[in-house]
Amino acid sequence: MAGVSEAASEELSNWRPLDSSASEFTSAARWAFAHILSSQWPRNGLAEQRMRGLTLIKPVQETRLPMAFVLLQEGSSSPAAVIGGAVLRDLRTYVSAREFARLQACERACLALSVVVEQNWQGLGHGRAVVSHLEASARERGCTIMYLFSDNTVEFWSKMGYTLLPGEPSRNGKPWMRKQL
């Protein structure tokens with residue numbers, strides 16, 4: 001698929017998020033998300049490795065972290081397709097105590113990871129939809145600030161209200177960003 005077809009363009013408003021706590025978040029949804037992740041960032045692992053990691057993300061309760069969600073595109077003429085997704089983690093459980101202190105993070109800080117939209121669906125507002133749902137999910141779980149580290153998407157995140165952390169060492173060559181929720 002070189003681009004989004006006219007039929008798909010007409011159905012762009014027919015998307016919905018599907019959280020990892022939902023019974024519909026099947027292994028097929030995880031597998032599709034894993035494939036999108038590995039196609040966007042091939043240096044970070046094969047789809048099989050991503051799938052193993054996504055399988056472990058099962059919150060004890062809907063109000064707890066970690067959580068993942070996929071963005072489903074639902075069309076009248078075709079079955080729902082995973083077109084993007086994201087992972088939300090508790091910052092304290094992801095970084096070292098030293099890094100947590102250096103970031104001056106509060107107890108209710110979370111970390112956005114693996115925020116992605118399939119390449120054929122980019123530039124149509126789905127990235128903003130993923131981030132909006134991610135932020136709403138973070139707020140519902142009591143988070144007050146969201147962190148992330150980004151590589152070539154700093155401009156996108158800046159438009160979404162995130163700011164670079166001046167003087168903070170990058171993580172794996174990616175600068176830290178944050179936003180008050």
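Check the entry above for the structure.
Residues numbered from 1 in each chain as written. Predicted model: local features only at pLDDT ≥ 70, side-chain atom pairs only at ≥ 80, totals over all residues. Heavy atoms only, no water.

Asker: How would you summarise the environment of Cys-110 if you had to cite specific residues and measurements?
Answerer: By secondary structure assignment, the location of Cys-110 is in strand 4 (residues 109-117). For the pair Cys-110 and Tyr-94, spaced 16 residues apart in sequence, the C-alpha separation works out to 9.2 Å. Residues contacting Cys-110, with those up to four places away along its chain left out, are Leu-65, Leu-88, Arg-89, Leu-91, Ala-138, Cys-143, Ile-145, Met-146 and Tyr-147. (Helix = DSSP H or I, 4+ residues; strand = E, 2+ residues; numbered from the N terminus. Contact = heavy atoms within 4.5 Å.)

Asker: Give me the lowdown on the packing of aromatic side chains, citing residues and values where you can.
Answerer: For the structure on display, the rule yields 5 aromatic pairs. Here Phe-156 and Trp-157 contribute two aromatic rings whose centre-to-centre distance is 5.4 Å and whose plane-to-plane angle is 80°, an arrangement assigned as edge-to-face. For Phe-156, a relative accessible area of 29% gives the class partly exposed. Cluster of aromatic residues (ring-pair linked, three or more members): Tyr-94, Tyr-147, Phe-149 and Trp-176. For the cation-ring pair, Arg-92 lies above Phe-100, with the distance from its terminal atom to the ring centre recorded as 4.0 Å. (Phe/Tyr/Trp six-rings, centres within 6.5 Å; stacked < 30°, edge-to-face > 60°. Buried < 20%, exposed > 50% of the residue type's maximum accessible area, 1.4 Å probe, protein only. Lys NZ or Arg CZ within 6 Å of the ring centre and 35° of its normal.)

Asker: Go over the side chain of Lys-179 with me, naming the residues and quoting the values.
Answerer: Mapping Lys-179 onto the fold places it in strand 7 (residues 176-180). Polar contacts involving the side chain of Lys-179 include one to the side chain of Glu-135, which spans 3.1 Å. Other than its neighbours up to four places away in sequence, Lys-179 contacts Glu-135, Thr-144, Ile-145, Met-146, Met-160, Gly-161 and Tyr-162. (Polar contact = N/O pair within 3.5 Å; in protein donor to acceptor, adjacent residues only side chain to side chain.)

Asker: Would you mind going over unusual backbone geometry in detail, with residue names and values included?
Answerer: Even without glycine at this site, Gln-104 takes up a positive phi of about 55°. As for its position among the elements, Gln-104 is in the loop between helix 5 (97-102) and strand 4. Owing to a relative accessible area of 66%, Gln-104 belongs among the exposed residues under this scheme. Non-glycine residue Ser-114 carries a positive phi angle of around 50°. Checked against the element boundaries, Ser-114 lands in strand 4. Here Ser-114 falls in the partly exposed class, since its relative accessible area comes to 23%.

Asker: Got a sec to walk through the nonpolar core? Specific residues and values, please.
Answerer: As a rule of thumb, soluble globular proteins bury nonpolar side chains together. Ranked by size, the top nonpolar core spans 23 residues in total, and within it Leu-91, Tyr-147 and Trp-176 carry the most contacts. For this core, the elements supplying multiple residues, two or more each, are helix 2 (27-40), strand 2 (67-73), strand 3 (81-90), strand 4 and strand 5 (145-149). Residues within four places of Tyr-147 in sequence aside, it is in contact with Leu-91, Leu-103, Gln-104, Ala-105, Ala-109, Cys-110, Leu-111, Ala-112, Leu-165, Trp-176, Met-177 and Arg-178. Residues Ile-83, Cys-110, Val-131 and Leu-148 belong to the second largest nonpolar core, which totals 22 residues. (Core = buried A, V, L, I, M, F, W, Y, C linked by side-chain atoms within 4.5 Å.)

Asker: Can you lay out helix 6 (residues 126-140) for me, pointing to particular residues and giving the numbers?
Answerer: Its 15 residues give helix 6 an end-to-end C-alpha distance of 21 Å, which sits within 8% of 21 Å, the value for a rise of 1.5 Å per residue. Buried within helix 6 we find His-126, Ala-129, Val-130, Val-131, His-133, Leu-134, Glu-135, Ser-137 and Ala-138. Among the residues trailing helix 6, Gly-142 stands out with phi positive, at a value near 85°. (Expected span 1.5 Å × (residues − 1).)

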